[in-house]
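Summary of the model geometry
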Amino acid sequence: MSDIQKAAQIIQEGGLVAFPTETVYGLGADALNPYAVAQVFEVKNRPTFDPLIVHVADLRQAEILVQKFPSAALKLVEKFWPGPLTVVLPKSPMVPDIVTSSMPTVAIRVPNHPLALELIRESGRPIAAPSANLFGQVSPTTAEHVRKSFGKKIEMILDGGPCQVGVESTVLSFIDKEPVLLRPGGAPLEEIQALIGPVRVAQKAPGQILAPGQLESHYAPRTPLILAGPQEALPQGQRLGWLGLGKPADPGPFAAVESLSEHQDLREAAANLFAAVRRLDERNLDVIWALPVPDQGLGRAINDRLTKASHRK
Ligand code: TXA
Ligand code: MG
């Protein structure tokens, strides 16, 4: 039996399989099996009010899970699927409540990774999968990252090498009259707007949860991370790590330096982000000093993750 066949069988039997996508590794279960999905929440230590994305192999399989596909959503998925765009649509009754946290909507995408697509096709099931990390922690972009979080707690990890995009999918809701960006991600907002016109960027009112990707503390390393403001002074007398594009102007104060992209390339930076944060987190630093990147293209997703990683209550 091939690895894919084994993995597909685990999914069919209600077990969990971690698998690569182009964005980050996912922790997958049969989306139509509520018991299997419940295990995902349990293993991840994820609150059940935070709904999961359902991964399908193509548009046909997506259509079965929703009530309707608005034309703007169709236009987008025709361009971006398979790829890092998740659309939120009214769900069909076949999607179990636990997947959607009892909301009448479901988030769906077609991942752009051969192993993910083979797993979905071979199992014959849509696969509900959050990122394969413990809740609130940094997302995994290699199979090794997944192993470190879960070890033997999951039955199988499919290794597809490092993720090419490196930040999670863009989440776009089509529930209101106008499309709403719930989470910036691998599909750049500019390219989305070029196709369907203006998109509202969701603003979270205090205490309100629109999409729990908007939870304030998320993607966080153990080491305190400061997202440096323009005039902010460097902490003194601390073991510092540097994270940003290019190189620090003065590397002197830094015990560790992680350049997201020497050439200031935002795609490369996104692909390196989570692994770089993890490496810094292993260096026994007092503080990770992170610099924001230009807020355009994949830079929006990078800044969003850095902001959430830096939030301290
Ligand atoms: O790239 C990705 O999206 C990765 C890979 C594995 O596909 N998955 C991922 O899943 O990042 P997760 O669970 O870490 O993030 C899913 C996001 C959360 O912010 C969740 O709140 C939101 O999608 N979401 C899921 N269902 C939703 C729904 N029905 N309405 C609004 N937001 C939803
Ligand atoms: Mg996640």
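You'll find the structure just up there.
Residues numbered from 1 in each chain as written. Chains lettered and ligands numbered in written order. Predicted model: local features only at pLDDT ≥ 70, side-chain atom pairs only at ≥ 80, totals over all residues. Heavy atoms only, no water.

Some thoughts on the nonpolar core
Membership of the largest hydrophobic core comes to 48 residues, with the highest contact counts inside it found for Phe69, Trp81, Leu85, Ile154 and Ile192. Listing elements by their share of this core, those giving two or more residues are strand 2 (26–30), helix 2 (34–44), helix 4 (71–80), strand 4 (85–90), strand 5 (105–109), helix 7 (143–150) and helix 8 (189–196). With 5 residues, helix 2 is the single largest residue contributor to this core. Contacts of Leu85, omitting those with residues within four sequence positions, involve Leu76, Val77, Phe80, Ile108, Arg109, Ser169, Thr170, Leu172, Ala187 and Ile192. Ranked by size, the runner-up nonpolar core spans 27 residues in total, among them Ala256, Ala269, Ala276 and Val293. (Core = buried A, V, L, I, M, F, W, Y, C linked by side-chain atoms within 4.5 Å. Buried < 20%, exposed > 50% of the residue type's maximum accessible area, 1.4 Å probe, protein only. Helix = DSSP H or I, 4+ residues; strand = E, 2+ residues; numbered from the N terminus. Contact = heavy atoms within 4.5 Å.)

Quick word on the environment of Val138
Tracing the sequence through the fold places Val138 in the loop between strand 6 (127–128) and helix 7. The exposure class assigned to Val138 is buried, which follows from its relative accessible area of 6%. In this structure, the C-alpha to C-alpha distance between Val138 and Arg46, residues 92 residues apart in sequence, is 14 Å. Apart from residues no more than four positions distant in its own chain, Val138 is found in contact with Asn133, Tyr219, Ala220, Pro221, Phe274, Val277 and Arg278.

Describing the pairing of strand 5
The element strand 5 is extensively covered by neighbouring structure, given that 5 of its 5 residues are classed as buried. In strand 5, alternate side chains face the same way, and those of Thr105, Ala107 and Arg109 on one face and Val106 and Ile108 on the other are all buried. Here 3 bridges tie strand 3 (residues 53–55) to strand 5, and the two strands are oriented parallel to one another. Paired with His55 across the bridge in strand 5 is Arg109. As paired elements, strand 4 and strand 5 share 4 bridges and run antiparallel to each other. Across the sheet, residue Pro90 finds its bridge partner in strand 5, namely Thr105. (Pairing = 2+ DSSP bridges.)

Re the packing of helix 4 against helix 8
Contact geometry of helix 4 with helix 8 gives a least axis separation of 10 Å together with a crossing angle of 130°. Judged by the inter-axis angle, helix 4 sits oblique to helix 8. Along this stretch, helix 4 crosses helix 8, giving a crossing that reads as right-handed. Residue-level contacts link Ala72, Lys75, Leu76, Lys79 and Phe80 of helix 4 to Glu191, Ile192, Leu195 and Ile196 of helix 8. Of the residues assigned to the contact of helix 4 with helix 8, the class counts are 6 nonpolar, no polar and 3 charged. (Axes fitted to C-alpha atoms, helices over the stretch in contact; angles between N-to-C directions. Parallel < 35°, antiparallel > 145°, perpendicular 65-115°, else oblique. Left-handed = near helix turned anticlockwise from the far one by under 90°. Nonpolar A, V, L, I, M, F, W, Y, C, P; charged D, E, K, R; others polar.)

Details of a nonpolar patch on the surface
A surface patch of nonpolar side chains, amounting to about 250 Å² of accessible area, comprises Leu32, Ile64 and Met94. Met94 gets classed as partly exposed once you look at its relative accessible area, which sits at 39%. (Patch = residues over 30% accessible without salt bridge, like charges linked within 9 Å, V, L, I, M, F, W, Y side chains within 5 Å. Areas by Shrake-Rupley, 256 points an atom, 1.4 Å probe, with all protein chains shown as cover. Salt bridge = Lys/Arg side-chain N within 4 Å of Asp/Glu carboxyl O.)

Some details on the packing of aromatic side chains
Applying the stated criterion across every chain, the model contains 1 aromatic pair. Cation over ring: Lys79 sits above Phe80, and NZ or CZ is 5.4 Å from the ring centre. (Phe/Tyr/Trp six-rings, centres within 6.5 Å; stacked < 30°, edge-to-face > 60°. Lys NZ or Arg CZ within 6 Å of the ring centre and 35° of its normal.)

So, to be careful, I would describe these as geometric facts and stop short of saying anything about function.
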